[in-house]
Amino acid sequence: MIEKWSDAEGRGLHGLLEEAAGDIVLKLDAKGFIVHASANAADLGFDPSELLLMPHICELADADHAPAVDELASRVLAGDSGNSSLEFPASLCRAQDTSPSADQCAYGGHLRWYQLTLRPLHGEGGSVLGAIGLMRSVQQVRTLESELHTRATTDPLTGLANRQAFASSLARCVDRVPDSLRGGKPAMLAVFAIDRMRAIFMQYGQDTLDEFLWGFARFLETMVRPGFVLGQLDAERFGVILPETSLREAQDWAEDALRTFAALALPSSARMPHVAASAGLAEVEHSVDRTLRQAELGLVIARAAGGMQVGRALDHRNSAVPSCEPAALVVNRGFGVAAGGR
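Cut-offs applied
- Residues numbered from 1 in each chain as written.
- Predicted model: local features only at pLDDT ≥ 70, side-chain atom pairs only at ≥ 80, totals over all residues.
- Heavy atoms only, no water.
- Core = buried A, V, L, I, M, F, W, Y, C linked by side-chain atoms within 4.5 Å.
- Buried < 20%, exposed > 50% of the residue type's maximum accessible area, 1.4 Å probe, protein only.
- Helix = DSSP H or I, 4+ residues; strand = E, 2+ residues; numbered from the N terminus.
- Pairing = 2+ DSSP bridges.
- Axes fitted to C-alpha atoms, helices over the stretch in contact; angles between N-to-C directions.
- Contact = heavy atoms within 4.5 Å.
- Right-handed = clockwise from strand over helix to strand, strands pointing away.
- Parallel < 35°, antiparallel > 145°, perpendicular 65-115°, else oblique.
- Nonpolar A, V, L, I, M, F, W, Y, C, P; charged D, E, K, R; others polar.
- Salt bridge = Lys/Arg side-chain N within 4 Å of Asp/Glu carboxyl O.

Some thoughts on the nonpolar core
- Membership of the largest hydrophobic core comes to 32 residues, with the highest contact counts inside it found for Phe192, Ile194, Phe216, Phe238, Leu242 and Trp253.
- Looking at this core, the elements with two or more residues in it are strand E6 (188–194), helix H6 (197–204), helix H7 (206–223), strand E8 (237–242), helix H8 (247–264) and strand E9 (277–283).
- Sort the elements by how many residues they give to this core and H7 lands first, with eight residues.
- Formed by 26 residues, the second largest nonpolar core is a distinct cluster that contains Ala41, Leu72, Val76 and Leu118.

Here you go:
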């Protein structure tokens, strides 16, 4: 036979569980206001023992998530105990020094993710008197998920979106192609690469090549305009999506980028190479793979023309030249466009 716990023993056991688990125990009244909170509620930025009026449960959440917490509490207090858990970020700004003038956290942005689980408390007649809740920190899990997502979607050297993440952005752009066919501007894809990368690697080694790639990534970040999407396709090539941009606008922008990079990358000594880059352009079509292939082919054409060029592979399906004729390479001498077609 199990001996009944006394109130003192129950409170002692309750305290031991709080200390061991680190969870925050809450008790709500029938309107959702907190009437009891365990001592470790101080982690949320307030001391329950010092408050005359305890906050509503939704006030613990960040403003964007407060309605969801309020909706959860309302359902539980109405007697619904199914699906009574929710994860939300709690604002911890109350735990920091506040600005006397603004009465706000001097640091701002202090958020920690918690999982809240609520269960209704029923009276003898079956009415709901309130709810008992448990708040457990899931910040470590959220941080780990964020780190894993970052590693899966970014290039470790440059920190740019990797090919998989960039292709996802391009796929969303492909979905909007019908809108451009109805009169809007098309989207363009530009693929950049540093010229003579193999020669740089053979002469200076991988570390120097990595420095050039990192610097080129930072340069492209300064050149992209609002709305453009920048990513790294592989160890050599970088992609930029230019939404609602005509071919002429994309060509002018790409030429300006190559010209600016060549001027900035002038060697500081005779031992350092003069680094330049080339680019390939393609209009975003109905397929991610074809769009990438056309832009990458334009890059190959530009490099074959001597580098520091903007190349574009003409689509033989839209060309008036008979397909039986051999491929031709047309180059605008000087700084211009290299175009290959059939």
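Observations concerning the sheet that holds strand E4 (residues 111–122)
- The antiparallel open sheet is built from five strands, whose spatial order is E2-E1-E5-E4-E3. Only two strands of the sheet have a single neighbouring strand rather than two, namely strand E2 (34–37) and strand E3 (85–91). Neighbour-to-neighbour, the strand axes of the sheet open up by a mean angle of 30°, direction not taken into account.
- Alignment of E3 against E4, held across seven bridges, turns out to be antiparallel. Among the inter-strand pairings, Pro89 is bridged to a residue of E4, identified as Trp113.
- Of the strands in this sheet, strand E1 (24–29), E3, E4 and strand E5 (128–137) touch helix H2 (residues 66–77), which is tilted by about 15° from E4.
- With respect to the sheet, helix H3 (residues 139–153) is in contact with E3, E4 and E5, its orientation differing from that of E4 by roughly 135°.

As for the pairing of E9
- Burial within E9 is extensive, with six of its seven residues counted as buried.
- Judged from the seven bridges that link them, E6 and E9 form a sheet pairing that is antiparallel. Bridging across to E9, Phe192 finds its partner in Ala279.
- With three bridges connecting them, E9 and strand E10 (residues 310–313) associate as parallel partners. Each bridged residue has a counterpart across the sheet, and for Leu281 the counterpart in E10 is Arg312.
- Regarding the hand of the β-α-β motif, the stretch spanning E9, helix H9 (residues 288–304) and E10 is left-handed.

Structural notes on the packing of helix H4 (residues 163–175) against H9
- As a packed pair, H4 and H9 sit with axes 9 Å apart at the nearest point and diverge in direction by 110°. It follows from the interaxial angle that H4 and H9 lie roughly perpendicular. Within the contact between the two elements, H4 uses Arg163, Phe166, Ala167, Leu170, Ala171 and Val174 and H9 uses Val288, Thr291, Leu292 and Glu296.
- Among the residues forming the contact of H4 with H9, the class breakdown is seven nonpolar, one polar and two charged.

Some remarks on unusual backbone geometry
- With a phi angle near 55°, Arg196 is a residue other than glycine that sits in the positive phi range.
- Its place among the elements puts Arg196 in the loop between E6 and H6.
- Despite not being glycine, Met308 has its phi angle at roughly 50°, a positive value.
- Secondary-structure assignment places Met308 in the loop between H9 and E10.

A closer look at the packing of H6 against H7
- Closest axis-to-axis distance for the H6/H7 pair is 7 Å, and the angle between their directions is 140°. It follows that H6 is oblique to H7 by the angle criterion. Facing H6, whose interface residues are Met197, Ile200, Phe201 and Tyr204, H7 presents Gln206, Thr208, Leu209, Phe212 and Leu213.
- Counted by class, the contact of H6 with H7 contains seven nonpolar, two polar and no charged residues.

Regarding the pattern of salt bridges
- According to the stated counting rule, one finds ten salt bridges in the structure shown.
- Taking the shortest distance from any N to any O, the salt bridge between Arg136 and Asp23 comes out at 2.6 Å. One end of the pair, Arg136, is in strand E5; the other, Asp23, is in the loop between helix H1 (7–21) and E1, with 113 residues separating them in the sequence.
- For Arg136, a relative accessible area of 42% puts it in the partly exposed group.
- Its relative accessible area of 6% is what places Asp23 among the buried residues.
- Among the salt bridges present, the one from Arg290 reaches Glu285, with a minimum N-O distance of 3.1 Å. With respect to class, Arg290 is no different from Glu285; both count as buried.
- Taken together, the shared-partner salt bridges connect Arg163, Asp234, Arg237 and Glu296 into one network.

All we've got here are geometric facts, nothing functional implied.
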